[in-house]
Each structure stands twice: as C-alpha cells, then as structure tokens.
Amino acid sequence: AQSVAQPEDQVNVAEGNPLTVKCTYSVSGNPYLFWYVQYPNRGLQFLLKYITGDNLVKGSYGFEAEFNKSQTSFHLKKPSALVSDSALYFCASKGGSARQLTFGSGTQLTVLP
Amino acid sequence: DVKVTQSSRYLVKRTGEKVFLECVQDMDHENMFWYRQDPGLGLRLIYFSYDVKMKEKGDIPEGYSVSREKKERFSLILESASTNQTSMYLCASSSPTRAGELFFGEGSRLTVL
C-alpha cells in the first residue's frame, strides 16, 4: 500500500524568505509524485509533478520540488515567498498503473508580511 | 478553460436523508473521482470511475454509492446521511494520458444534523 506523509501541519515563513514544505512517500515501484495547492474555499489546483528524469521539477507560480530517492522525499520549495502563497498544500503519490492518487494530510503555509 | 462543476457549494441535511452530490466536467475526461476532505486527514478517496457505468471503490466507500450514466457526470449518493458524513466533498477528473493531473471542483460542504 502506498502512503504519503507531510510531517508539518503548519509552516510559517516571512515574506521574501525561502520556503520549504516537506513530503515523504512510500510507493511500490517507481513513484509518481505531485503537489497541489488549495486556496481558501476553493478546490485543489495542480502545481507540479515528478514522473521521471531530472530530480528538480519546476511548476506553477515559481514553485519547484526536489525528488530524493534515497530519502524517499519530495519537498516543495520556493526561493522567495509571497503573502499570496499562503494556502494549504498537499503532496500526493501514485504508484505504477494505479489510476488514483493518495494524498498527504496537508500543510498550512502562512507567509507573514 | 477547463472546468469541473459541483452542483451545490453548501448543503444542510438531516440524519437519514438521501443526499445527491452532482459533478459535471467539460473536458471529456475518462477518469472521475470523489474525495472527502477533513482537517488533519487530507483527502480520502471514496469512489472513482474510469468509464461510463464503471466504478471502483476507493479507501472509504462505506455509506456511499456513485452513478456514472454519462461521461461528463459523476454523482455521489449518500443513501442515509449520518452526522459522521459531515465533510467537504471534492470531485475531480483527469485524462489517462496525463497521469495524476487532477482537475478539481470547488467542493461541496455538507453538514448533516
């Protein structure tokens, strides 16, 4: 069975500082990994994904994520946080031929002005 | 623009009532999903469908059923609502050619009294 862990319920960062939202995974076979963002009272939006290839994946709104196979991690990063980045972030995984995603519990990111 | 529309943003129902949550997508996607979102638990998959009249159980199907009579429409049914089904329900769709890139509706917040 696959699982995704987001060890931090809440991350606070000052505007302009770099941010990291952590994710670790457990997937049989080669993992497909994803980040989604949810703004208040909205559905989730796809940010980026890792399927194969370069370990550093770039996505929407200046976000990127680093795949680390040895640490089974897929942390979300941004070099300079904006107040508008404040939202709920979800990591998700998909194993092999599965059609469905497994989501983590979410991390609330707050960027302080 | 891609769109997934959930018929009701907010519903209040009584214990024992039958509840229908409707979801329509305009992207001709084969795959459709129903998740429920609860604080601290992330998104949990209830049911999904990869073709008309096809359905598969997700992680928490108990107390729910689904219907997919047309490709664009995927309905979630609570036969007899209970208070522990108070939650945010999210519908999503995806194409099998873009693995894991889900498009979400804005959610239906159900309160069962």
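Residues numbered from 1 in each chain as written. Chains lettered and ligands numbered in written order. Predicted model: local features only at pLDDT ≥ 70, side-chain atom pairs only at ≥ 80, totals over all residues. Heavy atoms only, no water.

Colleague: Before we move on, can you summarise the packing of aromatic side chains with the specific residues and values?
Modeller: With the rule as written, the count across this model stands at 14 aromatic pairs over all chains. Plain terms: the ring middles of Tyr50(A) and Phe74(A) are 6.4 Å apart, the flat faces sit at 55° to each other, and that makes the pair tilted. Of this pair, Tyr50(A) sits in strand 6 (residues 44-50) while Phe74(A) is found in strand 9 (residues 73-78), placing the two residues 24 residues apart along the sequence. For Tyr50(A), a relative accessible area of 8% corresponds to the buried category. One aromatic cluster is present, formed by Tyr36(A), Phe46(A), Phe90(A), Phe103(A), Phe33(B), Tyr35(B), Phe48(B) and Phe104(B) through successive ring pairs. The ring of Phe63(A) has Lys78(A) lying over it, and the distance from NZ or CZ to the ring centre is 5.0 Å. (Phe/Tyr/Trp six-rings, centres within 6.5 Å; stacked < 30°, edge-to-face > 60°. Helix = DSSP H or I, 4+ residues; strand = E, 2+ residues; numbered from the N terminus. Buried < 20%, exposed > 50% of the residue type's maximum accessible area, 1.4 Å probe, protein only. Lys NZ or Arg CZ within 6 Å of the ring centre and 35° of its normal.)

Colleague: Describe in detail the pattern of salt bridges, supporting the description with residues and values.
Modeller: Tallied over the full model, the rule gives 14 salt bridges over all chains. Here Lys49(A) makes a salt bridge to Glu101(B), at a shortest N to O gap of 2.7 Å. Within this pair, whereas Lys49(A) is found in strand 6, its partner Glu101(B) is found in the loop between strand 10 (87-94) and strand 11 (103-104), the two belonging to separate chains. Here Glu106(B) makes a salt bridge to Arg9(B), at a shortest N to O gap of 2.9 Å. Here the residue Glu106(B) occupies a position in the loop between strand 11 and strand 12 (108-112), and Arg9(B) occupies one in the loop between strand 1 (4-6) and strand 2 (10-13), the gap between them amounting to 97 residues. Using a relative accessible area of 30% as the deciding quantity, one classes Glu106(B) as partly exposed. Using a relative accessible area of 30% as the deciding quantity, one classes Arg9(B) as partly exposed. (Salt bridge = Lys/Arg side-chain N within 4 Å of Asp/Glu carboxyl O.)

Colleague: Describe the nonpolar core, naming the residues involved and giving the relevant values.
Modeller: When a protein is soluble and globular, its nonpolar side chains tend to lie buried together. Of all hydrophobic cores here, the largest spans 26 residues; its most connected members are Trp35(A), Leu47(A), Leu48(A), Phe74(A), Leu76(A) and Tyr89(A). Those elements that place two or more of their residues in this core are strand 2 (10-14), strand 3 (19-21), strand 5 (31-38), strand 6, strand 8 (64-68), strand 9, strand 10 (87-95) and strand 12 (107-112) of chain A. Residues Cys23(B), Val66(B), Phe74(B) and Leu78(B) belong to the second largest nonpolar core, which totals 21 residues. (Core = buried A, V, L, I, M, F, W, Y, C linked by side-chain atoms within 4.5 Å.)

Colleague: Provide a residue-level description of the interface of chain A and chain B, including the pertinent values.
Modeller: Counting from both sides, the interface comprises 19 residues of chain A and, opposite them, 22 residues of chain B. Here chain A meets chain B over a buried area of about 1,700 Å², counting both sides, of which 55% is carbon and sulfur. Along the contact surface separating chain A from chain B lie 2 salt bridges. Of all the secondary-structure elements, those providing two or more residues to the side of chain A that touches chain B are strand 5, strand 6 and strand 10 of chain A. (Contact = heavy atoms within 4.5 Å. Buried area = accessible area lost by both parts, 1.4 Å probe.)

Colleague: For the environment of Glu62(B), give the residues involved together with the corresponding values.
Modeller: Locating Glu62(B) in the fold gives a position in the loop between strand 7 (56-57) and strand 8 (65-70). Along the chain, Glu62(B) and Tyr47(B) lie 15 residues apart, while their C-alpha atoms are 9.9 Å from each other.

Colleague: I'd love a proper account of the pairing of strand 6 (residues 42-49) of chain B, names of residues and values included.
Modeller: Taken residue by residue, a regular strand's side chains alternate between the two faces of the sheet. Residues and elements named next belong to chain B. Burial analysis of strand 6 places 7 of its 8 residues in the buried class, the great majority of the element. One ladder, built from 7 bridges, connects strand 5 (residues 31-38) with strand 6; its direction is antiparallel. Counterpart to Met32 in the pairing with strand 6 is Ser49. Following strand 5, the chain reverses through 3 residues before pairing antiparallel with strand 6; Gly40 in that reversal takes a positive phi of roughly 80°. The sheet contact formed by strand 6 and strand 7 spans 2 bridges and is antiparallel. Among the inter-strand pairings, Phe48 is bridged to a residue of strand 7, identified as Glu56. The turn linking strand 6 back onto strand 7 is made up of 6 residues, and Lys53 within it adopts a positive phi angle of 65°. (Pairing = 2+ DSSP bridges.)

Colleague: Kindly report on the side chain of Gln6(B), identifying the contributing residues and their values.
Modeller: Residue and element names in this part refer to chain B. Structurally, Gln6 can be placed in strand 1. At a separation of 3.0 Å, a polar atom in the side chain of Gln6 contacts the main-chain carbonyl oxygen of Tyr89. Once residues within four sequence positions are removed from consideration, Gln6 is found in contact with Glu22, Trp34, Tyr89, Leu90, Cys91, Gly105, Glu106, Gly107 and Ser108. (Polar contact = N/O pair within 3.5 Å; in protein donor to acceptor, adjacent residues only side chain to side chain.)

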